[in-house]
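# Coordinate inspection notes
Letter by letter, the chains look like this.
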Amino acid sequence: LVEKVPLAPADKILGLTAFYNRDPNPKKINLTVGVYQDAWGKVTTFPSVAKSQKLIDNDLLLNKNLSYLPITGCKDFETNVMNFLFKESMHHPELIEQDRISFIQTLSGTGAVAIAASFLSTFITNEISVPNYSWANHTNIFTKNGFPSVDYYPYYDRKTGQIDFQNWINHLKNLPFLGKPRGILLHASCHNPTGLDPTRQQWEKIIDTIYELKMIPVIDMAYQGLETGNLIEDAHLLRLCLNTDKYPHWNNGIFLCQSFAKNMGLYGERVGSLSIVLPEADSQLKERVNSQLKRIVRGIYSSPPGYGSRIANVLLSTPNLKKQWFKDVKSMVERLQSVRLAMFERLNWPDLINKESNHGMFYFTRFSEGQVNELRTKYGIYLTLDGRLSLSGVNNYNVDYLCEALQNVSKL
Ligand code: LMR
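From a predicted model like this one, the values you see are computed outputs, not experimental measurements.

## Thoughts on the nonpolar core
By size, the foremost hydrophobic cluster in this structure holds 105 residues, and its most contacted members are Ile115, Ala116, Ile219, Phe255, Cys257, Ala312 and Leu315. When residues of this core are sorted by domain, at least three fall in each of domain 1 (2-45 + 330-410) and domain 2 (61-319). Ignoring sequence-local partners within four residues, the contact set of Ile115 consists of Ile104, Thr106, Leu274, Leu293, Ile296 and Val297.

## Some details on the site of the ligand
Close contacts around the ligand come from Ile13, Leu14, Val33, Gly34, Trp135, Asn137 and Asn192, and that covers them all. Tallied by class, the residues present in the shell around the ligand amount to four nonpolar, three polar and no charged. When residues of the shell around the ligand are assigned to domains, at least three fall in each of domain 1 (2-45 + 330-410) and domain 2 (61-319).

## Focus: the domain arrangement of the protein
When the domains of the protein are assigned, the result is domain 1 (2-45 + 330-410) and domain 2 (61-319). A separation of 27 Å is found between the C-alpha centroids of domain 1 and domain 2. Facing the 23 residues of domain 1 at the interface are 20 residues of domain 2. Every element with two or more residues in the side of domain 1 that touches domain 2 is listed here: helix 13 (319-347) and strand 11 (362-364). Here the side of domain 1 that touches domain 2 is built from residues that sort into eight nonpolar, seven polar and eight charged.

## Quick look at the sheet that holds strand 2 (residues 101-106)
As summarised here, the arrangement of the seven strands in space is 2-10-9-8-7-3-4, forming an open sheet in which the pairing is mixed. In this open sheet, the two strands that pair with only one neighbour each are strand 2 and strand 4 (151-154). For this sheet the average axis-to-axis angle between neighbouring strands, irrespective of direction, equals 25°. Bridge analysis of strand 8 (residues 216-221) against strand 9 (residues 254-259) gives four bridges, and the strand direction is parallel. Looking across to strand 9, one finds that Ile219 is bridged to Leu256. Strands in contact with helix 8 (residues 165-174) are strand 3 (128-132) and strand 4; relative to strand 4, the strand with the most contacts, it is inclined by about 140°.

## Some words on unusual backbone geometry
Looking along the chain, the bond that leaves Asn132 and enters Tyr133 is cis, with omega of 15°. By secondary structure assignment, the location of Tyr133 is in the loop between strand 3 and helix 7 (137-143). A cis amide bond links Asn192 with the next residue in sequence, Pro193, at an omega value of 20°. Turning to its location among the elements, Pro193 is positioned in the loop between strand 7 (183-187) and helix 9 (200-212). For His91, which is not a glycine, the phi torsion comes out positive at approximately 60°. On the secondary structure map, His91 appears in the loop between helix 4 (75-89) and helix 5 (93-97). Looking at His91, the number of C-beta atoms within 10 Å reads 13, which means it is partly exposed. Within the chain, Lys214 stands out as a residue other than glycine whose phi angle is a positive 60°. Exposure remark for Lys214: the 13 C-beta atoms within 10 Å place this residue in the partly exposed category.

Rules behind the numbers
- Residues numbered from 1 in each chain as written.
- Predicted model: local features only at pLDDT ≥ 70, side-chain atom pairs only at ≥ 80, totals over all residues.
- Core = buried A, V, L, I, M, F, W, Y, C linked by C-beta atoms within 7 Å.
- Buried ≥ 20, exposed ≤ 12 C-beta atoms within 10 Å, placed from the backbone.
- Domains from an automatic or database assignment.
- Contact = placed C-beta atoms within 7 Å.
- Near = placed C-beta within 6 Å.
- Nonpolar A, V, L, I, M, F, W, Y, C, P; charged D, E, K, R; others polar.
- Helix = DSSP H or I, 4+ residues; strand = E, 2+ residues; numbered from the N terminus.
- Pairing = 2+ DSSP bridges.
- Axes fitted to C-alpha atoms, helices over the stretch in contact; angles between N-to-C directions.

Here is the structure:
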């Protein structure tokens, strides 16, 4: 009954900004959410995106059609994004030519994971392994979409700050077989929340194991471009999985959940996609999969929003804007790297600048909840409770204050 509805806990990431907003401390710093801010603390629009918006504003055809998009999204978006992902980023044009990809436009990466979860739990499996740690919302998405619970595989060794590589492999090998294939969630790059990615050699061993065990890769690619500053380079995990010499046949396909929130800065426009790379070219199978994806989408939000996908379309199909976009992503990554360096100069914590394995928007402090709370109450510095620090909120104005506080709290 409605009177009995219990209070849900505040969201582990987005819920913290409400506390930050209420904090009267004039020196407060919000390092919770993964939204890129420039050196002045502003969430600005990338030049490539601003120019794409201008083109849309000036083009009556693009501008005036506010009708519904199809359930699976805009057709041009599908063409542009599939070309960008599968031809340019992964070097597998044949997947498009053979019509092997079931594709839908989604409400960013969250929407892609949610639709993938709903599809998997309805037709294939309700078992999934998720890294420990992972994005705070992953467990929530799977358990709200047909998975009774999730299994956590060792990912991060908190003591050493390294990938818990051998335990990860052993854990997967020792999972009981319950009669169904199992999904495994992988972060394509810039692992959230730790910022720590396996090396390329480690990835190879991990994917070998996943393939041997006939698991279903569910790849969350929310940060393409933020690892190396090069959008193409960063699709390396997908290129590895699609290496047919090593992995000729993924029995239940590969699920790619992708987002333009971070790398185009289109956070609030909810622009992303779900691609299911089918095990083989089979137009009837593709039609059946697509038909079920449509039913899921129709039952939740009917069809995706239009504006953000138009921006992505203009950007991806206009060569000079696309070139500008690559530059914009590179500048963002350069600034994040300069923040890491500025913090390293003050703290001397080597993992801040270990470029081989530490990437992206987040730095994982390994602080306990007590230390995170101390940062908040004593200094007005907000991290997520797991100790994740969003580097993009750091700038020349607050870096000294921040590092002094981090140094003090690290001694507790
Ligand atoms: C984050 O991890 O901070 C971002 O992905 C934003 C979100 O939706 O949680």
